[in-house]
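# Secondary and tertiary structure notes
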Amino acid sequence: MLLRSKWQNNFIWRFGDTLGPKMAKPKHLKHSPLRPCVNHFSHSHPLRPIDQIQAEDELICSGCGLEVTGRTFICSKSWCDFLVHKSCFDLEFELQHKSHPQHTLKLLSTPPHNYSRKIYFCNACRDYGTGFDYHCKICQYDLHVGCANLPKTLKHKDHQHLLTLYYSFTSIKDSIQSFVCDLCGQNVPNGIWVYYCEQCDFGIHSRCTIPDKY
Ligand SMILES: [Zn+2]
Ligand SMILES: [Zn+2]
Ligand SMILES: [Zn+2]
Ligand SMILES: [Zn+2]
Ligand SMILES: [Zn+2]
Ligand SMILES: [Zn+2]
């Protein structure tokens, strides 16, 4: 896998001294010792905090599935490509979410074992997820960590007013029969999250505000 090997080259360049005495130590790292590793519930190896990740290739967060930039925790084992955003490392283990007020959601590092194909479907956007999952065991309710942290109101570049988050289009108004996303033009099934401006009847999928898929 090209990405993996390039990433490993980069890793070796940056952290050569952790890989054994034969590897040359980059000069600029000689007097700046690596920060100590920390453990995280989501991974069996210790993770090392990095202030600014640098790589030629796009690196994907093992938690949220989005591209990794800035502060990151990466696996201390050279052969393991696990890494997470600092923001994903810092996620709350339990979440009381307004979209599912009846139960507390628990943060899982991977979809529950009883889910087939090791994926879950997010109740907010209906896209699948393979990494971190805010999960209600009783209801089999799942949220991407990104969806769980969507803001209540949002300014979108394609609309002049603030948009408000609704957990289904019928919660805007009971009488609404169908809802078409004003950005992608697709029909929005009831029960998935939308951002809406009541003044202009402008509404979009919550996922159409996100730069890339989770
Ligand atoms: Zn992440
Ligand atoms: Zn690892
Ligand atoms: Zn989602
Ligand atoms: Zn529940
Ligand atoms: Zn859309
Ligand atoms: Zn508006």
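Residues numbered from 1 in each chain as written. Chains lettered and ligands numbered in written order. Predicted model: local features only at pLDDT ≥ 70, side-chain atom pairs only at ≥ 80, totals over all residues. Heavy atoms only, no water.

### Re the overall build of the protein
Counting secondary structure elements, the protein contains three helices and 14 strands. Split into buried and exposed, the 214 residues of the protein put 44% on the buried side. Taking as baseline every contact in the protein between residues at least 6 positions apart, the subset at least 24 positions apart corresponds to 49%. Counting every atom, the protein has about 12400 Å² of accessible surface; 52% of that belongs to carbon and sulfur. (Helix = DSSP H or I, 4+ residues; strand = E, 2+ residues; numbered from the N terminus. Buried < 20%, exposed > 50% of the residue type's maximum accessible area, 1.4 Å probe, protein only. Contact = heavy atoms within 4.5 Å. Areas by Shrake-Rupley, 256 points an atom, 1.4 Å probe, with all protein chains shown as cover.)

### Digging into the coordination of the zinc ion (ligand 4)
Protein coordination of the zinc ion (ligand 4) is provided by H100 (NE2), H103 (ND1), C136 (SG) and C139 (SG), with donor distances spanning 2.0 to 2.3 Å. Read in sequence order, the donor residues coordinating the zinc ion (ligand 4) give the pattern H-x2-H-x32-C-x2-C. (Donors = N, O, S within 2.8 Å, 3.2 Å for Na, K, Ca; no water.)

### Topic: the coordination of the zinc ion (ligand 5)
Looking at the metal site, the zinc ion (ligand 5) is ligated by C181 (SG), C184 (SG), H205 (ND1) and C208 (SG), spaced 2.0 to 2.4 Å from it. As a motif over one chain, the donors of the zinc ion (ligand 5) read C-x2-C-x20-H-x2-C. One end of the pair, C181, is in the loop between strand 12 (162–166) and strand 13 (194–197); the other, C208, is in the segment after strand 14 (202–205), and 27 residues separate them in sequence. On the basis of relative accessibility, which here comes to 21%, the residue C208 falls in the partly exposed class.

### Re the sheet that holds strand 13
Reading across the sheet, the four strands line up as 11-12-13-14 and stay open at both edges, with antiparallel pairing between neighbours. Looking at the sheet topology across the chains shown, the edges are occupied by strand 11 (153–155) and strand 14. Direction aside, the axes of adjacent strands within the sheet are offset by 30 degrees on average. Relative to strand 13, strand 12 runs antiparallel, the two being bridged by three bridges. Across the sheet, L165 pairs through a bridge with Y195, a residue of strand 13. (Pairing = 2+ DSSP bridges. Axes fitted to C-alpha atoms, helices over the stretch in contact; angles between N-to-C directions.)

### Details of the pairing of strand 14
Look at any regular strand and the pattern is simple: side chains alternate between the two faces of the sheet. Two elements, strand 13 and strand 14, share four bridges in a ladder whose sense is antiparallel. Paired with Y195 across the strands is I204, a residue of strand 14. Once strand 13 ends, the chain turns through four residues before running back antiparallel as strand 14, passing D201 with a positive phi of about 55 degrees.

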